[in-house]
Amino acid sequence: MIRVKLLLSICILVFLSTDIYAQRRAKGEDIDEVYKSFTSFGLTTNTNSGILGGAVFRNSSAIPGKLFGKNQYRYLAVELVNVRHPKELAQSFNTGARFVYGKQNYLFVLRPEYGREITLFNRHEDEGIAISAIVAAGPSLGFEKPYMIQRQVAGGQVVTTPLRVDPNSTQDPYEGFVGVGSFFSGFGQSKVVPGLHIKTALSFELSAFRENVTGVEIGFLAETFTRKIDIMAYAQNKSFYTSGFITLYFGSKK
């Protein structure tokens, strides 16, 4: 809920700054900045993730012709994000270990993207901000990685195994639980679940420097997989996800 409010607040602030910037441009002579390529790296958060949702690499390259009278660019990007279930809640076990009750798998998604970036407002000399609209789509590769826990078995030995919950069984799935396995354990047991996604966004270039830039990308994403992703044992899992996101990016252009 906090991330949703943050997204809405930033969208409102950006809208107001865009309106002010457009009024400033109307009063003066336009000297538009046009670039051939823009490469950047960013960190992203979204309404289906924690504070740090993942990382993004993106590149925009100018293509001939205009769309609706605006400069257009070929947009390529690759995202790697962690998708969480809304019912996830970290708890403390009686041993003091922190864990997410009922969590069976992580979901990591690799998203190659192809689309178009359209310049809505160019920078005026070295002032203001550049604003562009982005529409992109591509495949989604979901990696369903087991949630690993540590159990104490006969003889006092501690083993690391995936948590498997059978709602029809009376056996305690946390029997012998002493802690959570390391983040990197279990990757070899991951299952790949293919899917598709599409996103729309507005990109705001905020930097005052022409070659080295800082910006924010704000948008919405819809994604579907070929089956339900088994993240939580005691909650409804789904195959279709929507989210709002914010990406802070740094890059260079020429």
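Thresholds, definitions, all that
- Residues numbered from 1 in each chain as written.
- Predicted model: local features only at pLDDT ≥ 70, side-chain atom pairs only at ≥ 80, totals over all residues.
- Heavy atoms only, no water.
- Core = buried A, V, L, I, M, F, W, Y, C linked by side-chain atoms within 4.5 Å.
- Buried < 20%, exposed > 50% of the residue type's maximum accessible area, 1.4 Å probe, protein only.
- Helix = DSSP H or I, 4+ residues; strand = E, 2+ residues; numbered from the N terminus.
- Contact = heavy atoms within 4.5 Å.
- Pairing = 2+ DSSP bridges.
- Axes fitted to C-alpha atoms, helices over the stretch in contact; angles between N-to-C directions.
- Polar contact = N/O pair within 3.5 Å; in protein donor to acceptor, adjacent residues only side chain to side chain.
- Salt bridge = Lys/Arg side-chain N within 4 Å of Asp/Glu carboxyl O.
- 1 Å grid on protein atoms, 1.4 Å probe; cavity = no way out; pocket = protein on both sides within 12 Å on 5 of 7 lines; lining within 4 Å.
- Points joined across faces, edges and corners; volume = space filled by probe spheres on them.
- Nonpolar A, V, L, I, M, F, W, Y, C, P; charged D, E, K, R; others polar.

Peer 1: Would you mind going over the nonpolar core with me for this structure?
Peer 2: Side chains of a nonpolar character, in soluble globular proteins, are inclined to be buried together. Core analysis: the largest hydrophobic core is formed by 21 residues, its most contacted members being Leu107, Tyr147, Phe225, Ile229 and Tyr241. At the level of secondary structure, the elements contributing two or more residues to this core comprise β3 (70–83), β5 (98–100) and β6 (105–121). It is β6 that provides the largest number of residues to this core, a total of four residues. With residues near it in sequence (within four places) discarded, Leu107 still touches Val81, Asn82, Val83, Gly142, Phe143, Phe225, Ile229, Ile231 and Tyr241. Among the nonpolar cores identified, the runner-up in size contains seven residues, and Ala77, Ala136, Ala201 and Leu221 belong to it.

Peer 1: Teacher, can you tell me more about the sheet that holds strand β9 (residues 158–162) here?
Peer 2: By definition, the strands of a sheet pair up through backbone hydrogen bonds, in either a parallel or an antiparallel sense. Pairing is antiparallel across the open sheet formed by three strands, whose spatial order is β9-β8-β10. Lying at the two open borders of the sheet, with one neighbouring strand each, are β9 and β10 (177–180). Strand-to-strand twist in this sheet, taken as the mean axis angle between neighbours without regard to direction, amounts to 30 degrees. Examined bridge by bridge, strand β8 (residues 148–152) and β9 share five bridges and lie antiparallel to one another. Across the sheet, the residue bridging to Met148 is Pro162, located in β9.

Peer 1: Can you help me understand the side chain of Thr247 in this one?
Peer 2: Position of Thr247 relative to the elements: it lies in strand β13 (residues 240–253). A relative accessible area of 4% means that Thr247 is categorised as buried. In terms of polar contacts, Thr247 uses its side chain to reach the side chain of Thr44, at 3.1 Å. Contacts of Thr247, omitting those with residues within four sequence positions, involve Gly42, Leu43, Thr44, Val56, Gly215, Val216 and Glu217.

Peer 1: Looking at this model, I keep getting lost on the pattern of salt bridges. Mind explaining?
Peer 2: When the charged atoms of two side chains with opposite charge come close together, those side chains can pair. Going through the model one piece at a time under the given rule, you end up with 10 salt bridges. As a salt-bridge pair, Arg84 and Glu88 come within 3.5 Å of each other at their nearest N and O atoms. A residue is classified by how much of its surface remains accessible, and Arg84, at 32% relative accessible area, is partly exposed. Between Lys253 and Glu205 there is a salt bridge whose closest N-O contact spans 2.8 Å. Highlighted residues: Lys253 in strand β13 and Glu205 in strand β11 (residues 191–205), separated in sequence by 48 residues. Assessed through its relative accessible area of 7%, Lys253 is described here as buried. One continuous salt-bridge network, built from bridges that share partners, spans Arg58, Glu79, Arg111, Glu113, Lys199, Glu217 and Glu223.

Peer 1: Help me out: how do you make sense of the pairing of strand β2 (residues 54–67) in this one?
Peer 2: In summary, the side chains of a regular strand alternate between the two faces of the sheet. Taken together, the eight bridges between strand β1 (residues 37–46) and β2 define a ladder with antiparallel strand orientation. Each bridged residue has a counterpart across the sheet, and for Thr44 the counterpart in β2 is Gly54. Here β2 pairs with β3 via 11 bridges, running antiparallel. Paired with Lys66 across the bridge in β3 is Asn71.

Peer 1: Sorry if this is basic, but what is going on with the layout of surface pockets here?
Peer 2: Estimated volume of the second largest pocket: approximately 170 Å³. As for the second largest pocket, its lining consists of Asn82, Arg84, Glu88, Leu89, Ala90, Val100, Lys103, Tyr106, Phe108, Tyr147 and Phe183. Within the lining of the second largest pocket, the residues separate by chemical class into seven nonpolar, one polar and three charged.

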